[in-house]
Amino acid sequence: MALDLILERASLPDGRSGVDIGIKDGRIVELRPQLGAPARETLDCSGRLVTPPFVDSHFHMDATLSLGIPRLNRSGTLLEGIALWSELKPLLTEEAVVERALAYCDLAVAQGLGAIRSHVDVCDPKLTGVRALLEVRQRVAPYLTLQLVAFPQDGLYRYPGARDLLLQALDMGVEVVGGIPHFERTMADGAASVGDLCQIAAERGLLVDLHCDETDDPLSRHIETLACETQRLGLAGRVTGSHLTSMHSMDNYYVSKLLPLIREAGVAAIANPLINIVIQGRHDSYPKRRGLTRVPEMMAAGIPVAFGHDCVMDPWYSLGMGDMLEVAHMAIHVAQMTSFDAMRSCFDAITTIPAAILHLEGYGVAPGCSADLVVLDAADPIDAIRTKATRLRVLRRGKTIATAPPQCSRLDLPGRPGEVGRSRPMAG
Ligand SMILES: [Zn+2]
């Protein structure tokens, strides 16, 4: 029986090259050099990188593309962003949130994103964002996996009624428990909220992803509580601490004790390099702290670390293109991860690691996996990050859902095995 599609002469993120990828009924069925099987369509990748899609593990789709409504963030700080979002929330309509989110999903797919975990603010008696994004999740499902986190932006205890609204959002079908312990009024309230939220997740069999210690305060230590609660409730592999920027400023001795705790608890970390580098250190004169959490140290300790985009054109961040390669590029610079191995691990932080954090099924380039693939105009993962490589073709379940023509900016460098020449067009 003929295959539906063969991607010929692909390079894979793990370094294999010259591989043919056979696709049938939306799945990868064969993977080896010179497959030579009959197929309805073949695409010669000429050594280009074929990767499973990018995964954005931390985003705010209820706020995206709202830049300037009702005004701009003048100070650029996190706190003015939260205040501005509070001004915008009463003005939101379900239709407007759906429209902006769908526009962002179109952009995301063209950028090779296959899955997005989006926090959705539940501190709204009408749950406008929740209703809108539940509809968006259903509408984009054929081409993009959207996973929603019930996020009490104004504090689980600080905002009256937030806990009930969070439970209501979970009842409506939001699948991950969120929180923001550092925004509660006291450290004790923050720690209590962590325990409460983990308990809710344990009772309902849900994943947890808290905005955790997104502050420059070296004594903000909710990640410690999160790790302990994860251990206590047996939630290993199901809990994530997002941002963790306070770790940038923590005492080194304390961190040497904290890293093994996070690893042993089975807690994952998500850093947001584009946002952390512009939001943190705002109260510093000079030297200014970068604020990004300790990414290479966490990776070395065996903690799964993913990178998120967090924001695109919203109250917190005026820029952004939905490009996870730009996110990885920023991480490499801010965390000074310029060794080849480190750069390579930054590619994992926008693909396989977040896929595991989101518990995505069928993700990867192997027989049996979903045929969700992106053909990049690059030879390898580092080349892809360097050039923010064009997404020549994006596949979902074996069907093409986005294409783009090659750009004309690449160099042909001798001595780099597998380097793809710009002069060789992709034959289809
Ligand atoms: Zn966030």
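Structure shown above.
Here the structure is a predicted model, which is why all the values come from computation and not from measurement.

1. A short note on the overall build of the protein
Moving on, step 1. When its secondary structure is counted, the protein shows 14 helices and 16 strands.
Moving on, step 2. Here the protein has a C-alpha radius of gyration of 21 Å; the compact-globule value for 428 residues is 22 Å, and the two agree.
Moving on, step 3. Taken along its principal axes, the extent of the C-alpha atoms in the protein is 65 × 45 × 45 Å.
Moving on, step 4. Relative to its full complement of 428 residues, the protein shows a buried share of 59%.
Moving on, step 5. Taking all contacts inside the protein whose residues are at least 6 apart in sequence as the whole, residues at least 24 apart take part in 75%.
Moving on, step 6. Entry remark: accessible area of the protein is about 16700 Å², with carbon and sulfur atoms responsible for 54%.
Moving on, step 7. Computed over 42 positive and 51 negative side-chain charges, the separation of the two mean positions in the protein equals 3 Å.

2. Examining the sheet that holds strand β12 (residues 267-271)
Moving on, step 1. Taking strand neighbours across the sheet as the criterion, the eight strands line up as β6-β7-β8-β9-β10-β11-β12-β13 in an open arrangement whose pairing is parallel. Pairing within the sheet leaves two strands with one partner each, and these edge strands are β6 (54-59) and β13 (305-307). Averaged over all pairs of adjacent strands, the angle between their axes in this sheet comes to 25°, without regard to strand direction.
Moving on, step 2. Pairing analysis gives four bridges linking strand β11 (residues 239-243) to β12, with the strands arranged parallel. Within β12, the position partnered with Ser-242 by the bridge is Ile-270.

3. Quick word on the coordination of the zinc ion
Moving on, step 1. For the zinc ion, the full set of protein donor atoms is His-58 (NE2), His-60 (NE2), His-211 (NE2) and Asp-310 (OD), at a range of 2.1 to 2.7 Å.
Moving on, step 2. Taken together, the four donor atoms coordinating the zinc ion span angles of 84 to 180° at the metal, a pattern that classifies the geometry as irregular.
Moving on, step 3. Read in sequence order, the donor residues for the zinc ion give the motif H-x1-H-x150-H-x98-D. Within this pair, whereas His-58 is found in strand β6, its partner Asp-310 is found in the loop between β13 and α11 (324-334), the two being separated by 252 residues in sequence.
Moving on, step 4. Classification of His-58 as buried rests on a relative accessible area of 0%.

4. With respect to the nonpolar core
Proteins that are soluble and globular tend to have nonpolar side chains buried together.
Moving on, step 1. Ranked by size, the top nonpolar core spans 109 residues in total, and within it Met-61, Val-136, Leu-226 and Phe-307 carry the most contacts.
Moving on, step 2. In this structure, Leu-7, Ile-28, Val-50 and Cys-369 belong to the second largest nonpolar core, which totals 19 residues.

5. With respect to helix α12 (residues 340-348)
Moving on, step 1. Every buried residue of α12 is listed here: Ala-342, Met-343, Ser-345, Cys-346 and Phe-347.
Moving on, step 2. Summarising the contacts, the buried residues of α12 are in contact with β5 (49-51), β6, α10 (295-300), β13, α11 and α14 (381-387).

6. Quick word on unusual backbone geometry
Excluding glycine, most residues fall at negative phi; most peptide bonds, likewise, are trans.
Moving on, step 1. Here Ile-69 and Pro-70 are connected by a cis peptide whose omega angle stands at -10°.
Moving on, step 2. Residue position: Pro-70 is located in the loop between β6 and α1 (78-88).
Moving on, step 3. At the junction of Tyr-286 and Pro-287, the peptide bond is cis and its omega measures out at 0° in the coordinates.
Moving on, step 4. Residue placement: Pro-287 occurs in the loop between α9 (273-279) and α10.
Moving on, step 5. If you check the backbone angles, Leu-65 has positive phi at about 65° while not being a glycine.
Moving on, step 6. Counting through the fold element by element, Leu-65 comes out in the loop between β6 and α1.
Moving on, step 7. Given a relative accessible area of 28%, Leu-65 falls into the partly exposed group.
Moving on, step 8. You will see that Met-313, though not glycine, has its phi angle at about 50°, which is positive.

7. Let's talk about the pairing of strand β15 (residues 391-396)
Moving on, step 1. Burial analysis of β15 places six of its six residues in the buried class, which makes it a mostly covered element.
Moving on, step 2. Strand direction decides the pairing type here: strand β14 (residues 373-376) and β15, joined by four bridges, are antiparallel. Bridge pairing in β15 links Leu-373 to Leu-395.
Moving on, step 3. The pairing of β15 with strand β16 (residues 399-403) spans four bridges and is antiparallel. The residue of β16 that forms the bridge with Arg-396 is Lys-399.
Moving on, step 4. In textbook terms, the turn of a hairpin is the stretch between consecutive antiparallel strands, and for β15 and β16 this stretch comprises two residues, one of which, Arg-397, has a positive phi near 50°.

8. Regarding the packing of helix α5 (residues 187-204) against helix α6 (residues 222-232)
Moving on, step 1. Two elements in contact, α5 and α6, have axes separated by 9 Å at closest approach and are oriented at 30°. The angle between the axes of α5 and α6 places the two elements in the roughly parallel class. Of the two elements, α5 crosses α6, and the hand of that crossing is right-handed. Contacts between α5 and α6 involve Met-187, Gly-190, Ala-191, Val-194, Gly-195, Cys-198 and Gln-199 on the former and, on the latter, His-222, Thr-225, Leu-226, Glu-229 and Arg-232.
Moving on, step 2. In terms of residue class, the contact of α5 with α6 is made up of five nonpolar, five polar and two charged.

Parameters at a glance
Residues numbered from 1 in each chain as written. Predicted model: local features only at pLDDT ≥ 70, side-chain atom pairs only at ≥ 80, totals over all residues. Heavy atoms only, no water. Helix = DSSP H or I, 4+ residues; strand = E, 2+ residues; numbered from the N terminus. Rg over C-alpha atoms; globule rule 2.2 N^0.38 Å. Buried < 20%, exposed > 50% of the residue type's maximum accessible area, 1.4 Å probe, protein only. Contact = heavy atoms within 4.5 Å. Areas by Shrake-Rupley, 256 points an atom, 1.4 Å probe, with all protein chains shown as cover. Lys, Arg positive; Asp, Glu negative; His and termini not counted. Charge placed at Lys NZ, Arg CZ, Asp CG, Glu CD. Pairing = 2+ DSSP bridges. Axes fitted to C-alpha atoms, helices over the stretch in contact; angles between N-to-C directions. Donors = N, O, S within 2.8 Å, 3.2 Å for Na, K, Ca; no water. Tetrahedral: all angles 85-135°; square planar, octahedral: opposite > 155°, others 65-115°. Core = buried A, V, L, I, M, F, W, Y, C linked by side-chain atoms within 4.5 Å. Parallel < 35°, antiparallel > 145°, perpendicular 65-115°, else oblique. Left-handed = near helix turned anticlockwise from the far one by under 90°. Nonpolar A, V, L, I, M, F, W, Y, C, P; charged D, E, K, R; others polar.

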